[in-house]
Structures are given as structure tokens and as C-alpha cells.
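Breakdown of the fold
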Amino acid sequence: MIALPIVEKTIEKSLERAEEYLKVADIVEFRLDYLDKIELKDIKELTKLKSIITIRPEWEGGFFKGDNNFRLELFKEAIKNNAYFIDVELKEEKNKELVNFRDKIRSKSKIIISYHNFEKTPSFEDLNKIVEEALKIGDVAKIATMVNDKEDILKILNISQKYAGKIIAIGMGENGRLTRILAPYFGSILTFASYKGKSSAPGQIDVEDLKNIWKMLKI
């Protein structure tokens, strides 16, 4: 799958952008931490579309700096409305609470447990431990790490293959662009692309360029 991140300032613009993006991508990611304002009642409209609900806090490289309990309530509202995915951090102490809430109400939502490292890609052994820890909590493990050399690319592709179908693996930065092309081939369930210059992370490839590369490589 190809996911396109939505980084708008208002709910109205986010929904408008989502309709546009879903014509060229398989799923959208609503980055709610980019919004100027968000209320519980807004969540229902977002979950009607095939989407990932992400509310990335400042301590994980995002922009949400409000009350964390409110952030968790937003996630629970998304779960109540059967959001396709929610993405919550491995470092979030209450991530298991969200999983238990999902199970209790028998929601169809899948929960991504994510890890980000904006400086480096840890060793394969450490990546393995991170993924194992994430999968003990949620349905899908997500790793997004900075690529500094070729060895980092191999680590990301290898971890994609080992946990194929249960992982989203991303190499960040310009050096990580190759992982965004190849990780899905090795087992990552999706990759994030950009659309007409709009992106949420360094190294994202334009969605049409990505499709053309896959077509050329017959992936």
C-alpha cells in the first residue's frame, strides 16, 4: 500500500485533501498534530475514510503539545469509530490501555506501535528487540529511523523481510529513499509517499514517481 500523509491546519481542508489523495493512494494518514484545533466530534468524519489516525507528540518528533490525556481520548474516539489504523508510540506508557480498550469494545481498528529515531538506525539486534516489543502490544510494528549509510538500508530491508506483513519499515532522510521503494517488496505493509511537494518526513518520494519506479522494476 501507498500512504499519503495529510498535514493540513484544519479538519475541513484535511477532509478535502483526503478525498483528493485517495484517488492516487491506498490510504491516507491524518497527522492530527498539525491541526490548529481538534475536537472529539471531528474524529468521526475522519474515520469514514481509509486512514491512519496519528497524533504525534513533540517528544516523538511531532507537533502535539496539548494534554496527553486528551490525546488518548482522541485515539479512543477513533477506535470507537473503527478507524482503519491508529498509530501510537512505543514510548507512550498507556499504549496497552488503548489496545485493551479496542479489545473491550470489539472495535475493528488495527493498532500500529511506532518507534522513531531521527539520528540513526540502531543495530539489527536492537531493531529486532524494538519490533518484538511493539508486536507484543499492537498489531503492526512501525520503525522509522535515520539512514546514514548503506548498512542501515540493509538492516531496514532485513527487518522488513523477517517481520513481513506485520511491519512498516522506513528509512528516513535522503539516504533512506531506497527503503521507501524496496521495503514493501521485502514485507513492509506500506510505504509513505509525498504528493506535489507535500510531505511529513524527509526522503518521501512523490507518489507518481514511486508508482513509475515500481512499474519499471515490476514490483
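I will try to describe carefully the structure that is included in this document. (Residues numbered from 1 in each chain as written. Predicted model: local features only at pLDDT ≥ 70, side-chain atom pairs only at ≥ 80, totals over all residues. Heavy atoms only, no water.)

**Quick look at the environment of Asn69**
Here Asn69 shows up in helix H3 (residues 68–80). Note: C-alpha distance between Asn69 and Lys94 (25 residues apart in sequence) is 9.6 Å. (Helix = DSSP H or I, 4+ residues; strand = E, 2+ residues; numbered from the N terminus.)

**Thoughts on helix H5 (residues 124–135)**
Between its terminal C-alpha atoms H5 stretches 16 Å, which fits the 16 Å expected from 12 residues at 1.5 Å a residue. Among the residues of H5, Leu127, Asn128, Ile130, Val131 and Ala134 are the ones counted as buried. Projected down its long axis, H5 shows its buried positions confined to an angular sector of 165°, all on one face. The exposed set on the far side of H5, more than 90 degrees from its buried face, consists of Glu125 and Lys129. At its buried positions, H5 is contacted by strand E5 (110–117), strand E6 (140–146), helix H6 (150–162) and strand E7 (167–172). (Expected span 1.5 Å × (residues − 1). Buried < 20%, exposed > 50% of the residue type's maximum accessible area, 1.4 Å probe, protein only. Arc of directions from axis to C-beta. Contact = heavy atoms within 4.5 Å.)

**Observations regarding the pairing of E7**
For E7, a buried count of 6 out of 6 residues is recorded, marking the element as mostly surrounded by other parts of the structure. Side chains Ile167, Ala169 and Gly171 of E7 all project onto a buried face; the interleaved residues Ile168, Ile170 and Met172 project onto the opposite face, where all are buried too. As paired elements, E6 and E7 share 6 bridges and run parallel to each other. What sits directly across from Lys142, in E7, is Ile168. Crossover connection from E6 via H6 to parallel E7: handedness right-handed. (Pairing = 2+ DSSP bridges. Right-handed = clockwise from strand over helix to strand, strands pointing away.)

**Here we look at the side chain of His116**
Structurally, the position occupied by His116 is in strand E5. In this structure His116 comes out as buried when scored by relative accessible area, which is 9%. At 3.1 Å, the side chain of His116 and the side chain of Glu60 are in polar contact. His116 has contacts with Arg56, Glu60, Lys142 and Ala144, leaving out every residue within four places of it along the chain. (Polar contact = N/O pair within 3.5 Å; in protein donor to acceptor, adjacent residues only side chain to side chain.)

**A few points about the packing of aromatic side chains**
Tallied over the entire structure, the rule returns 4 aromatic pairs. Both rings, one in Tyr84 and one in Phe85, keep their centres 5.0 Å apart while their planes meet at 80°; by these two values the pair is edge-to-face. When the ring centre of Phe101 is taken as origin, the NZ or CZ atom of Lys76, which lies over that ring, is 5.5 Å away. (Phe/Tyr/Trp six-rings, centres within 6.5 Å; stacked < 30°, edge-to-face > 60°. Lys NZ or Arg CZ within 6 Å of the ring centre and 35° of its normal.)

**Quick look at the nonpolar core**
The biggest cluster of nonpolar side chains holds 57 residues, and the ones touching the most others in it are Leu4, Phe30, Leu32, Ile53, Ile86, Ile143 and Ile159. The dominant element in this core, judged by the number of residues it contributes, is H3, at 5 residues. Counting 13 residues, the second-largest nonpolar core is a separate cluster that includes Ala144, Met146, Leu190 and Phe192. (Core = buried A, V, L, I, M, F, W, Y, C linked by side-chain atoms within 4.5 Å.)

**Notes on the sheet that holds E7**
Strand order in the open sheet formed by 9 strands is E7-E6-E5-E4-E3-E2-E1-E8-E9, and the pairing between neighbours is parallel. Because the sheet does not close on itself, it has two edges, and the strands there are E7 and strand E9 (205–206). In this sheet, strand E2 (residues 27–31) lies alongside strand E1 (residues 2–6) in parallel orientation, the contact comprising 4 bridges. For Ile6, the partnering residue across the bridge sits in E2 and is Phe30. Helix H1 (residues 11–21) contacts E1 and E2 of the sheet and is inclined by roughly 160° relative to E1. (Axes fitted to C-alpha atoms, helices over the stretch in contact; angles between N-to-C directions.)

**So, the pattern of salt bridges**
The full count for this structure, using the stated rule, is 20 salt bridges. Lys41 is the salt-bridge partner of Asp42, the closest N and O atoms lying 3.6 Å from each other. Residue class for Lys41 comes out exposed when judged on its relative accessible area of 60%. In this structure, Glu92 and Arg71 form a salt bridge, with 2.8 Å as the shortest nitrogen-oxygen distance. Of the two residues, Glu92 is situated in the loop between strand E4 (85–89) and helix H4 (95–105) and Arg71 in helix H3; the sequence distance between them amounts to 21 residues. Per residue, the accessibility class of Glu92 equals that of Arg71, and both read buried. Connected through shared salt-bridge partners, Arg56, Arg71, Asp87, Glu89, Glu92 and Lys142 make up one network. (Salt bridge = Lys/Arg side-chain N within 4 Å of Asp/Glu carboxyl O.)

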